[in-house]
There are 2 protein chains.
Amino acid sequence: MKNNKKANIRDVARETNMSITSVSRVLNGKADKYRIAKKSQDLIMEAAERLNYVPNFSAANLRSGKSKTIALTIPSLNNPFFAYLASEINLSLRKEGFVTILSDTFENNEDEKSILRNLLKRNVEGLILIPSGNDYEHILELQKSGLPIVCVDRYYEDLNLPYVTTNNFKGAFRATEYLIESGHENILCIQGVVKSEPNKERIRGYKEAMFQAGLKNIRVSGNDFSIQNGYLETKLAINSPKRPTAIFTLSNTIAMGSLKAILEEELSIPDDISLITYDDHPYLDFLITPLSCVEQPRADIANMTVKILMSMLSDSEFEVSQVKLDPNLKLRDSVKTLNGKQT
Amino acid sequence: MKNNKKANIRDVARETNMSITSVSRVLNGKADKYRIAKKSQDLIMEAAERLNYVPNFSAANLRSGKSKTIALTIPSLNNPFFAYLASEINLSLRKEGFVTILSDTFENNEDEKSILRNLLKRNVEGLILIPSGNDYEHILELQKSGLPIVCVDRYYEDLNLPYVTTNNFKGAFRATEYLIESGHENILCIQGVVKSEPNKERIRGYKEAMFQAGLKNIRVSGNDFSIQNGYLETKLAINSPKRPTAIFTLSNTIAMGSLKAILEEELSIPDDISLITYDDHPYLDFLITPLSCVEQPRADIANMTVKILMSMLSDSEFEVSQVKLDPNLKLRDSVKTLNGKQT
DNA sequence: TTAATTTGCGCAAACGCTTGCGCTTTAACA
DNA sequence: TGTTAAAGCGCAAGCGTTTGCGCAAATTAA
């Protein structure tokens, strides 16, 4: 290695007395397709190795139009649910030979827009999106331009975009049903971002379960997937004339806030009040009372997303698929069985 | 927009009767430097807008050698501490006009290697690395090739690489000191990956504090930053002939395991046993007993890292800087004051 | 009016790769 | 021996930018 300049494909060609063309073909695994002799292949491989040749992606990308890059935008890496999805999607894409450009939008719709505009320049081949708001003009435009897009968890109902999410209706229905079966009738549901699709579906599930049980006392409050929202709404509820016997929080962040309020009021779970939440998390096992929850099939969501995106990439006629995976009720100790009811 | 083919710089040039050169200069903010008339600038900007021109990064990158891309490898996105760092670094880089290619190595040294090899092809301009093991041959090689690298949190002591981390010695020292001031003498320290630099420093801090207090009863066990390790070691300690009065866990994952063991044994914190841990986390406030901890200056770590990397990029003579930021002792309610000691 | 300077801009050569097309050599067949 | 097919490979044209250099026109100075 006398020359410390990076080797390029030409160097390999010169070294082997082969053409650039053949080198390119061998290095891209197309040797057999173009009938390059086994001997030549070995020669080239060996030389590439020896020269420490690293292909220049920009050049390849410029020529071929393929960047092998997928953009992933996510509302907040600090939300463990999203972090898990990001991690799993990243891995899954890597296995397919793609690289992930990840951006954290901090739940900001405007930032999401400008981030996406910037990513576009980079010839990304596809976009995996956990939306950060209700504006979708920019997404629509991307879709029109032919960029394959898959939404995860959240999605836009008005848009004909592929998505994969949990069956939020079912999850909320089951959780509520479980509460009701345990004898609860006065159930408060603390919601997150009101207009987000998962939230709407969960509320629908809650209401349907209440309805089927003949319970008219629908109580929904809150407006954000935040600790603070959970805290405030729980404070309010505890001090309301008719204190709920059970609370159903629609995310584990809300549950955190709720828990804080309950502790402050010196109530205990589940003796004084029951709590169940959407989203699992390892920490839930270690709380004052381990919290029962609706567990989402996180790994499946991630893998399904990548699978759909790959289909879209290889087949432009791929028809939009919108997938809802079934959640799972994970019971721990935070729900009390009331007055003689059986579990 | 009759033509739905993507516009390129040539289209803009044609549209404005300017040369490609001028268009490029205007669009790259170098208009004034090259004295392009204000009128022409406006003309070009307007046309670019109208044609919906999006520059092709690969082409620019190929020509200029600048990819405006930084690789970030991280041992696990599921570790909230790392997720936070990733998120903050991502934001910080974005502000500097860079894009982050993030990869989760799942704490696997081998994967780290192959991931980095792949990223190299993409002309990344720099690497921010939270190492996933003790092998550093591959890193050394990258460094030799001239790639700017900054380590975060963990680092290789033998390598002359810039890093930014917490002053782990100080953090552990203070935590141990606090335990001792609270009257504890039998203190178990449950460590993580033995050979990792942060771990070694923390152990050194623990020992030094014990030493200065004249305490000879050094108890260090464990070998992994995992829940399981915390669980096992705590189980063992609780059932040992001389049960410690306090446990100092070296990460919040270890603390989780420790907590689980303590609960299982039906001991209470801090009445039966005290617990303090490295790393803060929002959830720590909501545990059965809010845990006192050594809080790392996460935001500062992230921003300092980016700052150093940027310096390296703009000034190749930049001398290696190795920064240790001071941690902060965050007291909650998990340490008991023993026999008449004052806090 | 002429010379010197400034203003405003463009030419054309890379950057390193992929790929459509086609050429030569060798083997197979009749 | 001539014809055909297969094997093995290379030419050269781009992909869309950036950038060193240089040149004409306009302005200013003398």
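**Here we look at the protein's contact with DNA strand D**
Consideration 1: Not every one of the 28 residues close to DNA strand D is listed here, only the nearest: Thr21, Ala37 and Arg63 of chain A together with Ser24 and Arg63 of chain B.
Consideration 2: Among atoms of DNA strand D positioned within 4 Å of the protein, sugar and phosphate together represent 54%.
Consideration 3: One nitrogen or oxygen atom from the side chain of Ser24 of chain B is found 2.4 Å from a phosphate oxygen belonging to DNA strand D.
Consideration 4: Counted by class, the surface near DNA strand D contains 11 nonpolar, 11 polar and 6 charged residues.

**Quick look at helix 2 (residues 20-27) of chain A**
Residues and elements named next belong to chain A.
Consideration 1: Listed in full, the buried residues belonging to helix 2 are Ser22, Val23 and Val26. Projection of helix 2 onto a plane perpendicular to its axis shows the buried side chains occupying an angular sector of 100°, all on one side.
Consideration 2: Looking at the buried side of helix 2, the elements it contacts are helix 1 (9-16) and helix 3 (38-51).
Consideration 3: Positive phi shows up at Gly29, right after helix 2, with a value of about 75°.

**Some details on the pattern of salt bridges**
Consideration 1: This model, assessed by the stated rule, comprises 31 salt bridges over all chains.
Consideration 2: For Asp11 of chain A, the salt bridge identified is with Arg14 of chain A, shortest N-O distance 3.3 Å. Here Arg14 of chain A and Asp11 of chain A lie together in helix 1, a separation of 3 residues that amounts to about one turn.
Consideration 3: Residue classification places Asp11 of chain A among the partly exposed residues on the basis of a relative accessible area of 22%.
Consideration 4: Two residues, Lys113 of chain B and Asp135 of chain B, come together in a salt bridge whose shortest N-O distance is 3.1 Å. Here Asp135 of chain B lies in the loop between strand 3 (126-129) and helix 7 (137-144) and Lys113 of chain B lies in helix 6 (residues 109-120), a separation of 22 residues in the sequence.
Consideration 5: By relative accessible area, which is 38% here, Asp135 of chain B ends up partly exposed.
Consideration 6: Each of Asp280, Glu295, Lys330 and Arg332 of chain A takes part in salt bridges that share partners, so that together they form one network.

**Things to note about the protein's contact with DNA strand C**
Consideration 1: With respect to spatial proximity, 27 residues lie near DNA strand C, and among them Ile9, Ser24, Tyr53 and Arg63 of chain A together with Ala37 of chain B are the closest.
Consideration 2: Of all atoms in DNA strand C that approach within 4 Å of the protein, 52% are sugar or phosphate atoms.
Consideration 3: In the model, a phosphate oxygen of DNA strand C is placed 2.4 Å from a nitrogen or oxygen of the Tyr53 of chain A side chain.
Consideration 4: Between Ala59 of chain A and DNA strand C, the recorded distance is 3.3 Å, taken from a backbone N or O atom to a base nitrogen.
Consideration 5: For the surface near DNA strand C, the elements supplying multiple residues, two or more each, are helix 2 and helix 4 (57-64) of chain A together with helix 2 (20-27) and helix 4 (57-64) of chain B.
Consideration 6: Ranked by the residues each element gives to the surface near DNA strand C, the list is headed by helix 2 of chain A, at 4 residues.

**Quick notes on the sheet that holds strand 7 (residues 219-221) of chain B**
All names here are of chain B.
Consideration 1: Strand order in the open sheet made by the 6 strands is 7-6-8-9-10-12, with mixed pairing throughout. The open sheet has two edge strands, strand 7 and strand 12 (328-330), and neither has a second partner. Put simply, the sheet's adjacent strands are angled 20° from each other on average, direction ignored.
Consideration 2: Packing of helix 8 (residues 168-181) onto the sheet brings it into contact with strand 6 (187-190), strand 8 (246-249), strand 9 (274-278), strand 10 (292-295) and strand 12, and relative to strand 9 it is tilted by some 170°.

**Some details on the interface of chain A and chain B**
Consideration 1: At the interface, 46 residues of chain A touch 46 residues of chain B.
Consideration 2: Taken together, the two surfaces of chain A and chain B that pack against each other cover about 4200 Å², and 61% of this comes from carbon and sulfur.
Consideration 3: Of all residues in chain A, Arg122, Tyr283 and Phe286 of chain A give up the largest surface area on contact with chain B, accounting jointly for 20% of the area buried on that side.
Consideration 4: Where chain A touches chain B, the interface holds 0 salt bridges.
Consideration 5: In this assembly, chain A and chain B are joined by 20 residue pairs in polar contact (both at pLDDT 80 or more).
Consideration 6: When contributions to the side of chain A that touches chain B are tallied by element, the ones reaching two or more residues are helix 4, helix 5 (80-95), strand 2 (99-104), helix 6 (109-120) and helix 11 (252-264) of chain A.
Consideration 7: Take the side of chain A that touches chain B: its biggest share by element is 8 residues, from helix 5 of chain A.
Consideration 8: Tallied by class, residues from the side of chain A that touches chain B come to 25 nonpolar, 14 polar and 7 charged.

**Observations regarding the domain arrangement of chain A**
Consideration 1: Here chain A is partitioned into domain 1 (1-53) and domain 2 (168-296).
Consideration 2: Placing a centre on the C-alpha atoms of domain 1 of chain A and another on those of domain 2 of chain A gives a separation of 62 Å.

**A look at empty space enclosed by the protein**
Consideration 1: Tallied over the full model, the rule gives 4 cavities of 30 Å³ or more.
Consideration 2: In this structure, the largest cavity spans a volume of roughly 250 Å³.
Consideration 3: If you trace the largest cavity, you find 15 residues lining it, with Asn61, Thr69 and Arg122 of chain A together with Asn61 and Arg122 of chain B closest to the centre.
Consideration 4: Those elements giving two or more residues to the lining of the largest cavity turn out to be helix 4 and strand 2 of chain A together with helix 4 of chain B.

**Considering a nonpolar patch on the surface**
Consideration 1: Residues Leu263 and Ile288 of chain A together with Leu263 and Ile288 of chain B make up a contiguous nonpolar surface patch of about 260 Å² in total accessible area.
Consideration 2: Its location among the elements puts Ile288 of chain A in the loop between strand 9 (274-278) and strand 10 (292-295).

**Observations regarding the nonpolar core**
Grouped burial of nonpolar side chains is what soluble globular proteins tend to show.
Consideration 1: Of all hydrophobic cores here, the largest spans 82 residues; its most connected members are Phe248 of chain A together with Phe248 of chain B.
Consideration 2: If we ignore the near neighbours within four places in the chain, the residues touching Phe248 of chain A are Ala172, Ala175, Thr176, Leu179, Ile187, Leu188, Cys189, Ile190, Tyr206, Ile276, Thr277 and Tyr278 of chain A.
Consideration 3: Counting residues in hydrophobic clusters, the runner-up holds 54 residues, among them Ile70 and Ile74 of chain A together with Leu72 and Met312 of chain B.

**A few points about the environment of Asn8 of chain B**
Residues and elements named next belong to chain B.
Consideration 1: Following the sequence through the fold, Asn8 ends up in the segment before helix 1 (9-16).
Consideration 2: On the accessibility criterion, Asn8 (32% relative accessible area) is partly exposed.
Consideration 3: Along the primary structure Asn8 and Val335 are separated by 327 residues, whereas in three dimensions their C-alpha atoms are 65 Å apart.
Consideration 4: Reaching out from Asn8, the side chain makes a polar contact with the backbone nitrogen of Arg10 at a distance of 3.0 Å.

**Remarks on the relation of the copies chain A and chain B**
Consideration 1: Expressed as a screw transformation, the operator carrying chain A onto chain B has a rotation angle of 180° and an axial translation of 0.0 Å, and the superposed copies differ by an RMSD of 0.0 Å. Read as a symmetry element, the transformation amounts to a two-fold axis. For chain A, the smallest separation between a C-alpha atom and the rotation axis is recorded for Ile288 of chain A, amounting to 1.9 Å.
Consideration 2: Both copies present the same face, since 98% of the interface residues in chain A are matched by interface residues at the equivalent positions in chain B.

**Describing the packing of aromatic side chains**
For any pair of aromatic rings, the description consists of the separation of the ring centres together with the inter-plane angle of the planes.
Consideration 1: Scanning all chains against the criterion turns up 8 aromatic pairs over all chains.
Consideration 2: Ring geometry for Tyr136 of chain B versus Tyr156 of chain B: centroids 5.5 Å apart, planes at 65°, classification edge-to-face. Of this pair, Tyr136 of chain B sits in the loop between strand 3 and helix 7 while Tyr156 of chain B sits in the loop between strand 4 (149-152) and strand 5 (163-166), and the two are 20 residues apart along the sequence.
Consideration 3: Here Arg202 of chain A stacks its cationic end above the ring of Tyr278 of chain A, 3.7 Å away from the centre of that ring.

Reading guide: rules and limits
Residues numbered from 1 in each chain as written. Chains lettered and ligands numbered in written order. Predicted model: local features only at pLDDT ≥ 70, side-chain atom pairs only at ≥ 80, totals over all residues. Heavy atoms only, no water. Near = heavy atom within 4 Å. Polar contact = N/O pair within 3.5 Å; in protein donor to acceptor, adjacent residues only side chain to side chain. Nonpolar A, V, L, I, M, F, W, Y, C, P; charged D, E, K, R; others polar. Buried < 20%, exposed > 50% of the residue type's maximum accessible area, 1.4 Å probe, protein only. Helix = DSSP H or I, 4+ residues; strand = E, 2+ residues; numbered from the N terminus. Arc of directions from axis to C-beta. Contact = heavy atoms within 4.5 Å. Salt bridge = Lys/Arg side-chain N within 4 Å of Asp/Glu carboxyl O. Pairing = 2+ DSSP bridges. Axes fitted to C-alpha atoms, helices over the stretch in contact; angles between N-to-C directions. Buried area = accessible area lost by both parts, 1.4 Å probe. Domains from an automatic or database assignment. 1 Å grid on protein atoms, 1.4 Å probe; cavity = no way out; pocket = protein on both sides within 12 Å on 5 of 7 lines; lining within 4 Å. Points joined across faces, edges and corners; volume = space filled by probe spheres on them. Patch = residues over 30% accessible without salt bridge, like charges linked within 9 Å, V, L, I, M, F, W, Y side chains within 5 Å. Areas by Shrake-Rupley, 256 points an atom, 1.4 Å probe, with all protein chains shown as cover. Core = buried A, V, L, I, M, F, W, Y, C linked by side-chain atoms within 4.5 Å. Least-squares fit on C-alpha atoms with pLDDT ≥ 70 in both. Phe/Tyr/Trp six-rings, centres within 6.5 Å; stacked < 30°, edge-to-face > 60°. Lys NZ or Arg CZ within 6 Å of the ring centre and 35° of its normal.

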